[in-house]
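Reading the structure
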Amino acid sequence: MHEQKVPYGTAAMTDPRSPATGSTAGRLALIGIVVVGVAGAFAYTAGWFTPDRVTPATVVNRLAPPGGPALGFRRNHAKGICFTGVFEANGAGAALSKAQVLATGSYPVTGRFNLAVPDPKAEDASARVRGLSLRLRSPDGQEWRTAMIDAPFFPVATPQAFAELLVASARKDDPDAMKNFAAAHPEIGAFGAWAGSAPFTGSYAENRYNSLNSFVFTNAQGQDQRVRWSFAPAAAAQSVPPEELKKRAPDFLAKDITDRVAQSSQRWTLTVIIANPGDPTADPSKAWPDDRRKVEVGTLVVQKIEPEPNGACRDLNFDPTVLPPGMRTSDDPFPAARSATYSVSYNRRTAEEKDYPRGTSGAKP
Ligand code: HEM
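Before going into details, it helps to say that this report is about the structure given with it. (Residues numbered from 1 in each chain as written. Predicted model: local features only at pLDDT ≥ 70, side-chain atom pairs only at ≥ 80, totals over all residues. Heavy atoms only, no water.)

Some words on the overall build of the chain
When you go through the chain residue by residue, the secondary structure sums to eight helices and 10 strands. Burial statistics for the chain: of 365 residues in total, 47% are counted as buried. In the chain, 74% of the contacts between residues at least 6 apart in sequence involve partners at least 24 apart. For the chain, the computed accessible surface area is about 17900 Å², with 57% contributed by carbon and sulfur atoms. (Helix = DSSP H or I, 4+ residues; strand = E, 2+ residues; numbered from the N terminus. Buried < 20%, exposed > 50% of the residue type's maximum accessible area, 1.4 Å probe, protein only. Contact = heavy atoms within 4.5 Å. Areas by Shrake-Rupley, 256 points an atom, 1.4 Å probe, with all protein chains shown as cover.)

In C-alpha cells, the structure reads:
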C-alpha cells in the first residue's frame, strides 16, 4: 500500500471519508497536522510568537510587584475584605434602565472593599486608591457587577496607555521613564494632582466610589442614556493626614469597617450621572462637568463584614461587563479590556488556592 500525501488546505484535511485517510499512516499524519495547527493557533493567541505584543496575560504579568505576584490573590487590588448586604432601589432608576435591580425593591449584594495594590500585605496607609466592588442580584436571575475606585477620574485615557504606564513605572533603570510617559500622556498630570492633594480618610465607610467608565442604560421605552455612577457615603468624611495614618496598624481599614458594621449597617447613596451630548464617554481620565443631571436611584446597605479567606467575595470576579438587560457597555474601551485582564487574574488566582488557604487570615509569610 503506498502512502498518499495530504495536500495542505484541501478537503482531504477535513473530510473523514476522503481516500487520503484510508491508511493508518495517513490518518496519523492528519491527526498530527491538526494537533500542530491547533497548538500553533493557541501559541499565537497566547502571544508566544510575539512576546512584546500586549495581551491580557502580559498586562497581568506587568501588574506584579518586583518580587513576583502574591500567589492565590487578585493581581491588582489584592488586599481587601468581603461583605454582604442589600441594595434598596427607590424606583427612580426605572426611568433610566429597565434592569430589575433598579425597580423599587431590595436586592442581595456581595461586595468587597479593597486597596489598589498588588501586594495583599501592603500597609493600608501606603495605598492612595481605595475600591468598592459589588455584585447585585435580582429575582429575574440577572446580575450587575461593578468595581469602582475613590479617585474622581482614571490616570490615563486608554487601556493601551495603562499597559505602557505599568512598564514606565517599573523602569528603575531609567530615571526619565515616567517623565517621558507623562509627556506622551499629559492626562496623568490631573491624576497626580488629585493623588497629591485629595484628603485621606480613616475609613472605607467615608469614601465615595466612582464607576469612571461610562455605560449605556436603556429604559422600558427603549430610550438610551449614556451614564456613569457613584456611591456616596452616608458617613461624614473626616480628613486624616497621611502621616497620622502611617502611625495606625497595618490593617486599620479592615478593623475599622468590621467595628463600624458590627455597630450599625453602613450606607451609600447610588447616583446615576447622565452625560450631556458631546461629553467624553470613551475616556475615563476626563471627569464630566459637575452640573450634569443626576438621579439618586437607591441605597447600598452593608450589613455584614466577612474576612476574605472564607468570604463570599473571594472567588468572585467583579467583571464590569457583567450587566443585566437595560445596561450595556458604551464606546469606552476600558470595560472590555478590564474584563479580559480580570479573567486572566481570576484564572490564575483560583488555580493557586493552596497558596492562599481558606481559613487563614492572609498571605503566607
Ligand atoms: C485597563 C485598565 C485596568 C486593568 C488592566 C485592571 C486590572 C485589574 C486586575 C487584574 C484586577 C484583579 C481582578 C481579579 O482577580 O478579580 C483588578 C481589580 C480591580 N480593579 Fe482594575 N484594572 C483596570 C482598570 C480599572 C478601573 C478603570 C477601575 C475603576 C474604575 C478599576 C477598579 C478595580 C477594582 C475596584 C478591582 C478590585 C475588584 C475586586 O474586588 O475583585 N480597575 N483590576
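Observations concerning a nonpolar patch on the surface
A cluster of nonpolar side chains, namely L28, I31 and V35, defines an oily patch on the protein surface of about 300 Å² accessible area. On the secondary structure map, I31 appears in helix 1 (residues 24-45). (Patch = residues over 30% accessible without salt bridge, like charges linked within 9 Å, V, L, I, M, F, W, Y side chains within 5 Å. Salt bridge = Lys/Arg side-chain N within 4 Å of Asp/Glu carboxyl O.)

Looking at empty space enclosed by the protein
Per the counting criterion, the structure on display carries one cavity of 30 Å³ or more. Lining the largest cavity are W144, R145, T146, A147, S211, N213, F215, W229, P320 and R338. Element by element, the count of residues in the lining of the largest cavity is highest for strand 4 (residues 143-149), at four residues. The residue makeup of the lining of the largest cavity, split by class, is five nonpolar, three polar and two charged. (1 Å grid on protein atoms, 1.4 Å probe; cavity = no way out; pocket = protein on both sides within 12 Å on 5 of 7 lines; lining within 4 Å. Points joined across faces, edges and corners; volume = space filled by probe spheres on them. Nonpolar A, V, L, I, M, F, W, Y, C, P; charged D, E, K, R; others polar.)

A short note on the site of the ligand
Near the ligand you find 24 residues, and of these R74, S133, Y342, S345 and R349 are the closest. R74 places a polar side-chain atom, nitrogen or oxygen, 2.4 Å from an oxygen atom of the ligand. Contributing elements (two or more residues each) for the shell around the ligand: helix 2 (56-63), strand 2 (105-115), strand 4 and helix 8 (334-351). With seven residues, the top contributor of residues to the shell around the ligand is helix 8. Partitioning the shell around the ligand into residue classes produces 12 nonpolar, eight polar and four charged. (Near = heavy atom within 4 Å. Polar contact = N/O pair within 3.5 Å; in protein donor to acceptor, adjacent residues only side chain to side chain.)

Interpretation note: all reported values are geometric properties and have no functional meaning in isolation.
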